[in-house]
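# Results of the structural survey
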Amino acid sequence: MLSCAIEFKDAFLIYYTSDLGFKEYVPSPGDWERVEGVCSFLEVFSDVTKVVSGSEYSTSNLFLSEIRKVKQIIDKRAIDPNLHIREMARKMEVKFEKYWGETNLVMSIGAVMDPRFKLILPMFCFPTLYPIASDSEANLKYLKNALTNLYLEYCKEDKDASMIRNESSEVSSSDANFFNEQRETPKGINDYESFIRESGGIIEPTKSELEEYLSESIIPPNSKFDNEDKDIVIHLD
């Protein structure tokens, strides 16, 4: 509504000259200055809302960069020469710190899972979101640990599922039963088979898939995803 009023700023003045009774309703130059300042301040929030509310593309990977933009404008307006803008920004800052603290990890993980960003985007955003260098470094370390824990949990669940599949296969396979009945398997092989079953049939590589993913070069930010890359991001939502 305020942005619409600015478009008709000249109309207010023209109407005032033709109807003096309208004088008390015409905004003063100071009023227009405050309105323009508020609109400029809130414009970034409108832009961010449009980005994160998209329904035809994945959004979880975009939150972090947009939140950084919000924090940047709040910090800038918190020292604005206009008292009205400063007070508004400082109230927003309090609410921002509250809600950002509750959702920062989820947003950061969403960004890392985008092959265009990985850990580079958190490294870029955190200094703005955490102005104290030690806080920025601590939160980056916390993010890396969370990613590792998520990956290990995924590996464990995958191994458990593999064990169930292997056990089911052993029970239903007539060939395996025949082999067990007709031949005595060397004890060394028995031990090895037990080891494979206990590990879910998966031997962890020296470098985990997560480490390989994070160490690979990022995809240029403006690149178009192929189908495989799209799947990576879509599964985050």
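Here, every reference points to the structure presented above.
Residues numbered from 1 in each chain as written. Predicted model: local features only at pLDDT ≥ 70, side-chain atom pairs only at ≥ 80, totals over all residues. Heavy atoms only, no water.

## With respect to the pattern of salt bridges
- Per the stated rule, a full pass over the model turns up five salt bridges.
- Across the pair D80 and R77 runs a salt bridge whose closest N-O atoms are separated by 3.0 Å. Both residues of the pair, D80 and R77, count as buried.
- Close ionic contact of K118 with E216 constitutes a salt bridge, the shortest N to O distance being 3.8 Å. One end of the pair, K118, is in the loop between α5 (83–112) and α6 (120–129); the other, E216, is in the loop between α10 (209–215) and α11 (227–234), with 98 residues separating them in the sequence.
- Looking at K118, the relative accessible area reads 2%, which means it is buried. (Salt bridge = Lys/Arg side-chain N within 4 Å of Asp/Glu carboxyl O. Buried < 20%, exposed > 50% of the residue type's maximum accessible area, 1.4 Å probe, protein only. Helix = DSSP H or I, 4+ residues; strand = E, 2+ residues; numbered from the N terminus.)

## Things to note about the nonpolar core
- Judged by nonpolar contacts, the single largest core of 34 residues is most densely connected at L64, F96, W100, F126, L129, L143 and L147.
- Mapped onto this core, the elements with two or more residues apiece are α3 (29–52), α4 (63–77), α5, α6, α7 (133–172) and α10.
- Those residues in contact with L143, other than ones at most four positions away along the chain, are L105, S108, I109, V112, L119, P122 and F126. (Core = buried A, V, L, I, M, F, W, Y, C linked by side-chain atoms within 4.5 Å. Contact = heavy atoms within 4.5 Å.)

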